[in-house]
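# Examination of the molecular architecture
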Amino acid sequence: MTSGVGVSFISFLFLAVVMIAISLSFAIPIGISASHRGMNAIGWAVIAFFTWVVGLVLFLLNIQPIITDVNCPSCGNRIPKEHVFCPFCGYRD
């Protein structure tokens, strides 16, 4: 009789591990992508962890472009990363 309980527990444990792995497979890439885009990475990762495909769809509907600008060390204005000098103050890297 106890072997049936053991098999049931192992099946439950296996199912829990699989569900956590699926949740992480949604949460980690969405969280990384959100952080590269200046979005709330932890918030989006939590949403994706608990809602899977729904979280992915919501993320794709609200996605922001990847941030490629940097702040000028002299004047603080946002400039494209590939610029050699700041067009606002003339600071040269």
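Refer to the structure presented above.
Overview of the structure. Just so it is clear, the model here is predicted, and its values are computed rather than measured. (Residues numbered from 1 in each chain as written. Predicted model: local features only at pLDDT ≥ 70, side-chain atom pairs only at ≥ 80, totals over all residues. Heavy atoms only, no water.)

## Side note on the packing of aromatic side chains
This model, assessed by the stated rule, comprises three aromatic pairs. Considering the side-chain rings of Trp44 and Phe59, the 5.4 Å spacing of their centres and the 75 degrees angle between planes classify their relative orientation as edge-to-face. One end of the pair, Trp44, is in helix 2 (residues 41-51); the other, Phe59, is in helix 3 (residues 53-61), and 15 residues separate them in sequence. (Phe/Tyr/Trp six-rings, centres within 6.5 Å; stacked < 30°, edge-to-face > 60°. Helix = DSSP H or I, 4+ residues; strand = E, 2+ residues; numbered from the N terminus.)

## Remarks on the side chain of Ser33
With respect to the secondary-structure elements, Ser33 resides in helix 1 (residues 2-36). Side-chain polar atoms of Ser33 contact the side chain of Arg37, separated by 3.0 Å. (Polar contact = N/O pair within 3.5 Å; in protein donor to acceptor, adjacent residues only side chain to side chain.)

## Quick notes on the nonpolar core
Ranked by size, the top nonpolar core spans seven residues in total: Phe26, Ile30, Ala34, Met39, Trp44, Ala48 and Phe59. Of all the secondary structure elements, the ones that give two or more residues to this core are helix 1 and helix 2. Setting aside anything within four residues of it in sequence, one finds Met39 in contact with Ala34, Trp44, Phe59, Asn62, Ile63 and Gln64. (Core = buried A, V, L, I, M, F, W, Y, C linked by side-chain atoms within 4.5 Å. Buried < 20%, exposed > 50% of the residue type's maximum accessible area, 1.4 Å probe, protein only. Contact = heavy atoms within 4.5 Å.)

## Points about the packing of helix 2 against helix 3
For the pair helix 2 and helix 3, interaxial distance at closest approach is 6 Å and the crossing angle is 145 degrees. Contacts between helix 2 and helix 3 involve Trp44, Ile47, Ala48 and Thr51 from the former and Val53, Val54, Gly55, Leu58 and Phe59 from the latter. When its residues are assigned to classes, the contact of helix 2 with helix 3 shows seven nonpolar, two polar and no charged. (Axes fitted to C-alpha atoms, helices over the stretch in contact; angles between N-to-C directions. Nonpolar A, V, L, I, M, F, W, Y, C, P; charged D, E, K, R; others polar.)

## A few points about unusual backbone geometry
With glycine set apart, most residues show a phi of negative sign, and most peptide bonds adopt trans. In this structure, Trp52 takes a positive phi of about 50 degrees despite not being glycine. Mapped onto the secondary structure, Trp52 falls in the loop between helix 2 and helix 3. With a relative accessible area of 26%, Trp52 lands in the partly exposed category.

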